[in-house]
Amino acid sequence: MLRLLANCCCLVVAFSARAEVIDIDNANLAKLAASGVPVIDIRTRPEWEQTGIVPGSHLLTFFDESGKADPAEWLAKAKAIAKPGDPVIVICRSGNRTKVLSQFLSQRVGYAKVYNVRHGIVAWAKEGRPTASAAPALAACRAAGAC
């Protein structure tokens, strides 16, 4: 009986350690991105063009301009950027869309560590942090068929 209880505890610990969503601020975003954790910007093309992007971000719209999403198609493209066992950062305008997406990636897909940028690109830009033009990234992701 004690052994069964120990095995159950190990399974609970292993499962909870496997999936983790961490809300991060801009300082953590900068540090993690600099260390090589990929940043996926899930906003739409007009949003990228309006504000610019965090330098080095991968552009991959999740919800289109009418609010629709195709999770399976998006996920196939996202897995080319970060595999489920890899950490990944997701960013949107204000952190609301990525909060939902972070839970999906963690709980349904099994991503080990998902970093959600708490206040999105709005807070990043408000702090005066660097942004890049979306044009080169848009050209690259269109060529790869991954925007």
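As a reminder, the structure under discussion sits directly above these lines.
Residues numbered from 1 in each chain as written. Predicted model: local features only at pLDDT ≥ 70, side-chain atom pairs only at ≥ 80, totals over all residues. Heavy atoms only, no water.

> Explain the sheet that holds strand 3 (residues 58–59) here, please?
In a beta sheet, neighbouring strands pair by backbone hydrogen bonds and run either parallel or antiparallel. One open sheet holds the 5 strands; their spatial order is 1-5-4-2-3, and the pairing between them is parallel. Every other strand in the sheet has two partners, leaving strand 1 (20–24) and strand 3 as the edge strands with one partner each. (Pairing = 2+ DSSP bridges. Helix = DSSP H or I, 4+ residues; strand = E, 2+ residues; numbered from the N terminus.)

> Sorry if this is basic, but what is going on with the pattern of salt bridges here?
Opposite charge on two side chains allows them to pair when their charged atoms are near. All told, the structure shown has 7 salt bridges when counted by the stated rule. Close ionic contact of arginine 45 with glutamate 49 constitutes a salt bridge, the shortest N to O distance being 2.8 Å. Placement of the pair is arginine 45 and glutamate 49 together in helix 3 (residues 45–51), with a separation of 4 residues, close to one helical turn. A relative accessible area of 41% places arginine 45 in the partly exposed class. (Salt bridge = Lys/Arg side-chain N within 4 Å of Asp/Glu carboxyl O. Buried < 20%, exposed > 50% of the residue type's maximum accessible area, 1.4 Å probe, protein only.)

> Looking at this structure, I do not really get helix 5 (residues 96–109). What am I missing?
Residues spaced three or four apart along an α-helix face the same direction, because each turn holds 3.6 residues. An ideal rise of 1.5 Å per residue puts 20 Å on 14 residues; helix 5 measures up with 19 Å between its terminal C-alpha atoms. Among all positions of helix 5, only Thr98, Leu101, Ser102, Leu105, Ser106 and Val109 are buried. Mapping the buried residues of helix 5 onto a view down its axis gives an arc of 125°, with all of them on the same face. What points out from helix 5, more than 90 degrees from its buried face, is the exposed set Asn96, Val100, Gln107 and Arg108. Looking one or two places after helix 5, you find glycine 110, whose phi comes out positive at around 90°. (Expected span 1.5 Å × (residues − 1). Arc of directions from axis to C-beta.)

> In this structure, what is going on with the packing of aromatic side chains? I would like to understand it.
Describing an aromatic ring pair means giving the distance of the ring centres and the angle of the ring planes. Inspection of the entire model under this criterion finds 3 aromatic pairs. Measuring from ring centre to ring centre gives 4.7 Å for phenylalanine 62 and phenylalanine 63, while their planes differ by 85°; the resulting arrangement is edge-to-face. When the ring of phenylalanine 62 is compared with that of phenylalanine 104, the centres are 6.4 Å apart and the planes differ by 45°; the resulting orientation is tilted. Taken together, the positions of phenylalanine 62 in the loop between strand 3 and helix 4 (71–78) and phenylalanine 104 in helix 5 put the pair 42 residues apart, joining distant regions of the chain. By relative accessible area, phenylalanine 104 is classed as partly exposed at 24%. In textbook terms, an aromatic cluster arises when at least three aromatic residues are bridged by ring pairs, as seen for Phe62, Phe63, Trp74 and Phe104. (Phe/Tyr/Trp six-rings, centres within 6.5 Å; stacked < 30°, edge-to-face > 60°.)

> Is there a simple way to think about helix 4 in this case?
Within helix 4, burial applies to Trp74, Leu75 and Ala78. Taken end-on, helix 4 shows its buried residues confined to a sector of 100°, consistent with a single buried face. In helix 4, the exposed positions that point more than 90 degrees away from the buried face belong to Ala72 and Ala76. Looking at the buried residues of helix 4, the elements they touch are strand 2 (39–41) and helix 5. (Contact = heavy atoms within 4.5 Å.)

> Is there a simple way to explain the side chain of serine 57 in this structure?
For serine 57, the position within the fold is in the loop between helix 3 and strand 3. Side-chain polar atoms of serine 57 contact the backbone oxygen of valine 54, separated by 2.7 Å. Contact partners of serine 57, with chain neighbours within four places excluded, come to Val39 and Asp41. (Polar contact = N/O pair within 3.5 Å; in protein donor to acceptor, adjacent residues only side chain to side chain.)

> Got a minute to help me understand the nonpolar core in this structure?
Side chains that are nonpolar tend, in soluble globular proteins, to be buried together. Ranked by internal contacts, the top residues of the largest apolar core, which has 16 residues, are Ile40, Ile42, Trp74, Leu101, Leu105 and Tyr111. At the level of elements, helix 4, strand 4 (87–91) and helix 5 are the ones that each hand at least two residues to this core. Excluding anything up to four places from it in sequence, isoleucine 42 contacts Leu60, Thr61, Phe62, Phe63, Trp74, Ile91, Cys92, Arg97, Thr98 and Leu101. In this structure, Leu29, Leu32, Val37 and Ile89 belong to the second largest nonpolar core, which totals 12 residues. (Core = buried A, V, L, I, M, F, W, Y, C linked by side-chain atoms within 4.5 Å.)

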